[in-house]
Amino acid sequence: MTDPTPYEVFAIRYATVERKSSENFIGGDAHEAGARMDYFVWLARNAERTFVIDTGFNAAAALKRKREFLRSPAEGLRLLGVDAATVEHVIVTHLHYDHIGNFDLFPRARFHLQDRELSYATGRYMSIPFFSYAYEIEEVIAMVRNVYAGRVEFYDGDAEIAPGVSVHHIGGHTQGLQAVRVWTRIGWLVLASDGSHYYANMGEGRPFPIVASVTDMVDGWRKVRALASNERHVVPGHDPLVMKKYRAPAPDLEGIAVRLDAEPL
Ligand SMILES: [Zn+2]
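An account of the accompanying structure is given in this report. The shown structure was predicted, so the numbers you read here are calculated from the model rather than taken from an experiment.

About the criteria used
Residues numbered from 1 in each chain as written. Predicted model: local features only at pLDDT ≥ 70, side-chain atom pairs only at ≥ 80, totals over all residues. Heavy atoms only, no water. Donors = N, O, S within 2.8 Å, 3.2 Å for Na, K, Ca; no water. Tetrahedral: all angles 85-135°; square planar, octahedral: opposite > 155°, others 65-115°. Helix = DSSP H or I, 4+ residues; strand = E, 2+ residues; numbered from the N terminus. Buried < 20%, exposed > 50% of the residue type's maximum accessible area, 1.4 Å probe, protein only. Pairing = 2+ DSSP bridges. Expected span 1.5 Å × (residues − 1). Arc of directions from axis to C-beta. Contact = heavy atoms within 4.5 Å. Core = buried A, V, L, I, M, F, W, Y, C linked by side-chain atoms within 4.5 Å. Phe/Tyr/Trp six-rings, centres within 6.5 Å; stacked < 30°, edge-to-face > 60°. Lys NZ or Arg CZ within 6 Å of the ring centre and 35° of its normal.

## Let's talk about the coordination of the zinc ion
Those protein atoms acting as donors to the zinc ion are D98 (OD), H99 (NE2), D194 (OD) and H238 (NE2), and they sit at 2.0 to 2.3 Å. Taken together, the four donor atoms coordinating the zinc ion span angles of 91 to 163° at the metal, a pattern that classifies the geometry as irregular. Counting along the primary sequence, the residues that act as donors to the zinc ion give the motif D-H-x94-D-x43-H. Taken together, the positions of H99 in helix 3 (residues 97–100) and D194 in the loop between strand 11 (187–193) and helix 7 (199–204) put the pair 95 residues apart, joining distant regions of the chain. Taken as a pair, H99 and D194 share a single burial class, namely buried.

## Digging into the pairing of strand 3 (residues 50–53)
In the sheet, strand 2 (residues 34–45) pairs with strand 3 via four bridges, with the strands oriented antiparallel. Bridged to W42 within strand 3 is I53. Linking strand 2 to strand 3, which pair antiparallel, is a turn of four residues.

## Regarding the pairing of strand 2
For strand 2, a buried count of nine out of 12 residues is recorded, marking the element as mostly surrounded by other parts of the structure. Inspection of the sheet shows strand 1 (residues 8–20) paired to strand 2 by 12 bridges, in the antiparallel sense. Across the sheet, the residue bridging to T16 is D38, located in strand 2.

## Brief notes about helix 6 (residues 137–148)
Helix length check: helix 6 (12 residues) gives 17 Å between terminal C-alpha atoms against 16 Å at 1.5 Å per residue, within 8%. Three or more residues of helix 6 are buried, namely E139, V140, A142, M143 and N146. Around the axis of helix 6, the buried residues are gathered within 155° of arc, so they sit on the same side. Counted as exposed and oriented over 90 degrees from the buried face of helix 6: I137, E138, R145 and Y148. Next to the buried residues of helix 6 lie helix 3, strand 6 (110–114), helix 4 (115–121) and strand 7 (152–155). Among the residues trailing helix 6, G150 stands out with phi positive, at a value near 75°.

## What to know about the nonpolar core
Nonpolar side chains in soluble globular proteins generally cluster together in the buried interior. By size, the foremost hydrophobic cluster in this structure holds 58 residues, and its most contacted members are L95 and M143. When residues in this core are grouped by element, the largest group, five residues, is from strand 1. Discounting chain neighbours no more than four positions away, the residues touching L95 are I100, L113, E117, L118, A121, Y135 and M143. Counting 26 residues, the second-largest nonpolar core is a separate cluster that includes V9, I161, V182 and L189.

## Points about helix 8 (residues 214–227)
For helix 8, which comprises 14 residues, the first-to-last C-alpha distance of 20 Å matches the rise-based estimate of 20 Å (1.5 Å per residue) to within 8%. When we look at burial in helix 8, the residues that qualify are M217, G220, W221, V224 and L227. Projection of helix 8 onto a plane perpendicular to its axis shows the buried side chains occupying an angular sector of 140°, all on one side. Those residues of helix 8 that are exposed and aimed more than 90 degrees away from the buried face are T215, R222 and A226. Here the buried face of helix 8 lies against strand 9 (165–169), strand 10 (178–184), strand 11, helix 7 and strand 12 (234–236).

## Examining the packing of aromatic side chains
Using the criterion set out here, one finds 14 aromatic pairs in the structure. When the centroid spacing of 6.2 Å and the interplanar angle of 55° are considered together, the rings of Y14 and Y39 count as tilted. Linking Y14 in strand 1 with Y39 in strand 2, this pair joins segments that are 25 residues apart in sequence. A residue is classified by how much of its surface remains accessible, and Y39, at 1% relative accessible area, is buried. The lysine or arginine in question, R65, covers the ring of Y97, its NZ or CZ lying 4.1 Å from the ring centre. Between K245 and the ring centre of Y199, over which it is positioned, the NZ or CZ distance is 4.9 Å.

Next comes the structure, spelled out in structure tokens:
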């Protein structure tokens, strides 16, 4: 079988926030240093297809949650030559507010989602703020409307969406989180999303405290590593180090986007 056409993959940074490192690990952090959390959407494209992975949040959500909003994810995509209004495929890693806002900006898109994520986000655990806090009810309802409009493609586990692009159920952080595996010039790259917020979560075996199942989260680290050609090619969901380990695709995109299908520094 011939290899699929490689994709170019980008991380687009659209917001950031200063937090304590103890907020990033169950049991806190002995060093108790300041730690930034960056917010990203991701783009995978080749000559035939374009996939946007997650849609980020907007300025109003940034204000409400006290995040520093840098630019609309749609503006970040535009700087990479992608018009959000014409995007046909959005892979939704999970339904937390920082991953599914802005979908009014993607009127043509079909949304690719795990069965278990929608049932978790609309089910019994949402009556407990510990589990519902990172969901925004209006956005969950908007996704339900997309279901009724026939715009959601559901998956139960692992599935190939197109040659060289597949989704993989991870769970852990939420019950239906999925990672995305993409074929690139450096082999299989894995966007872990919040399967590991930081390199240190999976790298040092220290789970992130927003969690539906700690054991599933830990199993997820092993799974994303196994999916990548090399474990260096697993990209965490919120780590500012991503902007340091990879290069901007052009000088004017410095601090805005980096190209991920490259050897990390
Ligand atoms: Zn997140």
